[in-house]
Amino acid sequence: MTLDFGLMLDKMPEILSGLWVTLWMWVVSTILGAALGFLVATARRYGPAAVNWFLKLCVEILRGTPFLVQLFLLYFGGPFVGLRLEPVPAGLIGLTIYASAYFSEIFRAGFQAVPRGHVEAAECVGLSRTQILRRIIAPEMTMLVLPQCVNMAIILIKETAILSIITVPEMTMVIGAIGSQQYAFVDAMFLLAIFYWVLVEICGFLGRLAEARLSKFRFAVS
Amino acid sequence: MSSTRPSPATDDIPAVTVKGVTKRFGDTEVLQGIDLSVPTGATTCLIGPSGSGKSTLLRCIAFLEEATTGTILIHGDPLGFAEGPNGQRSRLSPQKIRAVRSRIGMVFQQFNLWPHMTALGNVCEALVTVRKMKRSEAEDLGMAQLSRVGLENRAGHYPSELSGGQQQRVAIARALALDPEILLFDEPTASLDPELTGEVLNVMRDLADSGMTLLVVTHEIGFAATVGRRIAFLDHGKLLLNGTPQELFGEPRHPRLGQFLETYLDRGAATLL
Ligand SMILES: Nc1ncnc2c1ncn2[C@@H]1O[C@H](COP(=O)(O)OP(=O)(O)O)[C@@H](O)[C@H]1O
Ligand SMILES: [Mg+2]
């Protein structure tokens, strides 16, 4: 293995643009996936039984199949049903939907973890159902599920690598291509591993920071 | 808000009237036809063995449970259901239900403070979200309620930063902030360390002295005997006895009540009777 970082330095603009694509697609799909997951969890909890049943099936399918397969079906199978997407939107939609399935399960457990008494106390002072959801359940749940959400975000950053399969110009595709051109594929993959690992560490650090800030009201004795 | 208070002329209407209330959970009838009236401006204590249905009755009055049959009136106004001329019940509109419910305050055994809000935040929440008060106004009122329970210097603390006794006092302030006509307590000191029960009981004693209507489920027999104007004894889902402390605790005692009180003799409560 010959680590030629000088060579990599020449390609810095490309690498940075790949890094940028990875970053924004990760952040956007994590946020949208969490929001969609929250809606799914809410609809499953408060909606009619048929809605719950249908969404449960969707979640099971999404969690029971590899992301790679889902992405292939969306990108290459989409045109057969009139859904023709560019790589970046396809990747973003695919990753968001994939993420939402896992986030919805996290939030579903979160809903169950909010003590019944906290909701009853809110009913007793006259909060309406939507006010209780917005003011009590959602914030309490958020702090309960924060560690799992950080964990999911970390999984998602690694899943962005799969977007290279449908030619999204993200980090794995850019660095992989450079590696192949330069006959330094292993070096490139090594560099790539370091990039992902640094991103994961940063994400974990931010998560711990947020958790520490929330800790004073996380473990209220009751 | 004081306009929701009954005028002195209506004070002879009980704060709470419970008429023929039953409550079933599946096959078990937890409340078997309860009739009870809670006088205005005094403290009524509800005592009885564990599992006798005290919490269920209190929760029906707070409308956290719906009575299977029977009627509950709050100062004469039906709670949850209106009774038709032939005795059939019909459900009131959500707004009407909330309007009557808002006249009742509830304090739980487990405090149930919202952990993501400070003490002041807990007290102000409903003032802002429900009563649509300005935040600054609500905070003034909230601070006043916190001083009433002796916690004005803990306003910025989160529940996890407060002792159990302090949390329960915040919960009382939260209920008081809405200026309720009746305060319900479900074993407010039962999950506190013994040395912390006093501070909560003292706050409740002050409220009783100030003429609030309190309905207290408690195992603190000493408190019931000294603060309670009326004592109701619940046993196996039936209201067995209902009277003044003298009538219930004096001799001769009802055998079931005697049995129940025996369990407190070890705890030194006998000396208080
Ligand atoms: N939600 C419920 N579902 C089924 N049974 C219940 C429920 N709540 C209370 N019970 C039963 O009703 C009885 C009375 O309970 P409770 O009112 O809590 O008694 P107490 O407060 O006097 O100890 C108990 O046997 C209890 O198991
Ligand atoms: Mg109880």
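Residues numbered from 1 in each chain as written. Chains lettered and ligands numbered in written order. Predicted model: local features only at pLDDT ≥ 70, side-chain atom pairs only at ≥ 80, totals over all residues. Heavy atoms only, no water.

A word on the overall build of chain B
Consideration 1: The helix and strand tally for chain B stands at nine helices and twelve strands.
Consideration 2: Here the C-alpha radius of gyration of chain B, 19 Å, is about what a compact globule of 273 residues would show, namely 19 Å.
Consideration 3: Overall, chain B is about 55 × 50 × 40 Å in size when its C-alpha atoms are taken along their principal axes.
Consideration 4: Counting all 273 residues of chain B, 53% fall into the buried class.
Consideration 5: Partitioning the intrachain contacts of chain B with sequence separation of at least 6 by distance along the chain shows that 65% fall at a separation of at least 24.
Consideration 6: With an accessible surface of roughly 11500 Å², chain B has 49% of that area assigned to carbon and sulfur atoms.
Consideration 7: Here chain B contributes 27 positive and 30 negative side-chain charges, whose respective centroids are spaced 6 Å apart. (Helix = DSSP H or I, 4+ residues; strand = E, 2+ residues; numbered from the N terminus. Rg over C-alpha atoms; globule rule 2.2 N^0.38 Å. Buried < 20%, exposed > 50% of the residue type's maximum accessible area, 1.4 Å probe, protein only. Contact = heavy atoms within 4.5 Å. Areas by Shrake-Rupley, 256 points an atom, 1.4 Å probe, with all protein chains shown as cover. Lys, Arg positive; Asp, Glu negative; His and termini not counted. Charge placed at Lys NZ, Arg CZ, Asp CG, Glu CD.)

Points about the interface of chain B and chain A
A common way to report how large an interface is uses the accessible area buried once the components associate.
Consideration 1: The interface of chain B with chain A comprises 29 residues on the first partner and 23 residues on the second.
Consideration 2: Counting each side, the surface lost to burial between chain B and chain A is near 2300 Å², with a carbon and sulfur contribution of 62%.
Consideration 3: Three residues, Trp-114, Pro-115 and His-116 of chain B, lead the burial of chain B against chain A; their summed loss comes to 24% of the area buried on that side.
Consideration 4: Between Glu-125 of chain B and Arg-135 of chain A there is a salt bridge, and its shortest N-O distance comes to 2.7 Å.
Consideration 5: For the pair chain B and chain A, the number of links is six residue pairs in polar contact (both at pLDDT 80 or more). (Buried area = accessible area lost by both parts, 1.4 Å probe. Salt bridge = Lys/Arg side-chain N within 4 Å of Asp/Glu carboxyl O. Polar contact = N/O pair within 3.5 Å; in protein donor to acceptor, adjacent residues only side chain to side chain.)

Here's the deal with the UniProt feature "domain: ABC transmembrane type-1" (unreviewed entry) in chain A
Consideration 1: As recorded in UniProt, the sites labelled "domain: ABC transmembrane type-1" (unreviewed entry) are residues 19–207 of chain A.
Consideration 2: Secondary structure content for residues 19–207 of chain A is 83% helix and 0% strand, and the end C-alpha separation is 21 Å. (UniProt positions renumbered as here; feature names shortened; annotations may be inferred.)

Some words on the UniProt feature "domain: ABC transporter" (unreviewed entry) in chain B
Consideration 1: In this structure's numbering, the residues bearing the UniProt feature "domain: ABC transporter" (unreviewed entry) are residues 16–261 of chain B.
Consideration 2: As a span, residues 16–261 of chain B carries 37% helix and 27% strand, and end to end its C-alpha atoms are 26 Å apart.

Here we look at the site of ligand 1
All names here are of chain B.
Consideration 1: Around ligand 1 sit Phe-25, Val-30, Pro-49, Ser-50, Gly-51, Ser-52, Gly-53, Lys-54, Ser-55 and Thr-56, and those are all the residues in its vicinity.
Consideration 2: Here Gly-51 contributes a backbone N or O atom positioned 2.7 Å from an oxygen atom of ligand 1.
Consideration 3: For ligand 1, an oxygen atom lies 3.0 Å from a polar atom in the backbone of Gly-53.
Consideration 4: If you tally residues by element for the shell around ligand 1, the top one is helix 1 (residues 54–61), at three residues.
Consideration 5: Counted by class, the shell around ligand 1 contains three nonpolar, six polar and one charged residues. (Near = heavy atom within 4 Å. Nonpolar A, V, L, I, M, F, W, Y, C, P; charged D, E, K, R; others polar.)

Some details on unusual backbone geometry
Consideration 1: With a phi close to 60°, Thr-167 of chain A is a non-glycine residue in the positive phi region.
Consideration 2: Even without glycine at this site, Lys-132 of chain B takes up a positive phi of about 60°.
Consideration 3: Mapped onto the secondary structure, Lys-132 of chain B falls in the loop between helix 3 (119–129) and helix 4 (135–148).

Overview of the pairing of strand 2 (residues 28–38) of chain B
Residue and element names in this part refer to chain B.
Consideration 1: As judged from the eight bridges shared by strand 1 (residues 16–25) and strand 2, these two strands associate in the antiparallel manner. Residue Val-21 lies in a different strand from strand 2, and its bridge partner there is Ile-34.
Consideration 2: Where strand 1 folds back onto strand 2 in an antiparallel hairpin, the turn is made up of two residues, including Gly-26, whose phi is positive at roughly 65°. (Pairing = 2+ DSSP bridges.)

Focus on the sheet that holds strand 8 (residues 104–107) of chain B
Residue and element names in this part refer to chain B.
Consideration 1: The strand order across the open sheet built from six strands is 8-9-10-3-11-12, with neighbouring strands paired in mixed fashion. Each edge of the sheet is formed by a strand with only one pairing partner; in this case those strands are strand 8 and strand 12 (238–243). Across this sheet, the average inter-strand angle for adjacent strands is 15°, counted without regard to direction.
Consideration 2: As paired elements, strand 11 (residues 230–235) and strand 12 share five bridges and run antiparallel to each other. Each bridged residue has a counterpart across the sheet, and for Phe-233 the counterpart in strand 12 is Leu-241.
Consideration 3: Packing of helix 5 (residues 164–177) onto the sheet brings it into contact with strand 8 and strand 9 (182–186), and relative to strand 8 it is tilted by some 170°. (Axes fitted to C-alpha atoms, helices over the stretch in contact; angles between N-to-C directions.)

Thoughts on the confidence of the model for chain A
Atomic detail in the predicted coordinates should be set aside for any region of low pLDDT.
Consideration 1: Per-chain confidence: chain A averages 90 in pLDDT, with 94% of residues scoring 70 or above.
Consideration 2: Within chain A, helix 3 (residues 49–64) of chain A carries the highest mean pLDDT (96), whereas helix 1 (residues 5–10) of chain A carries the lowest (72). (pLDDT = per-residue confidence, 0-100.)

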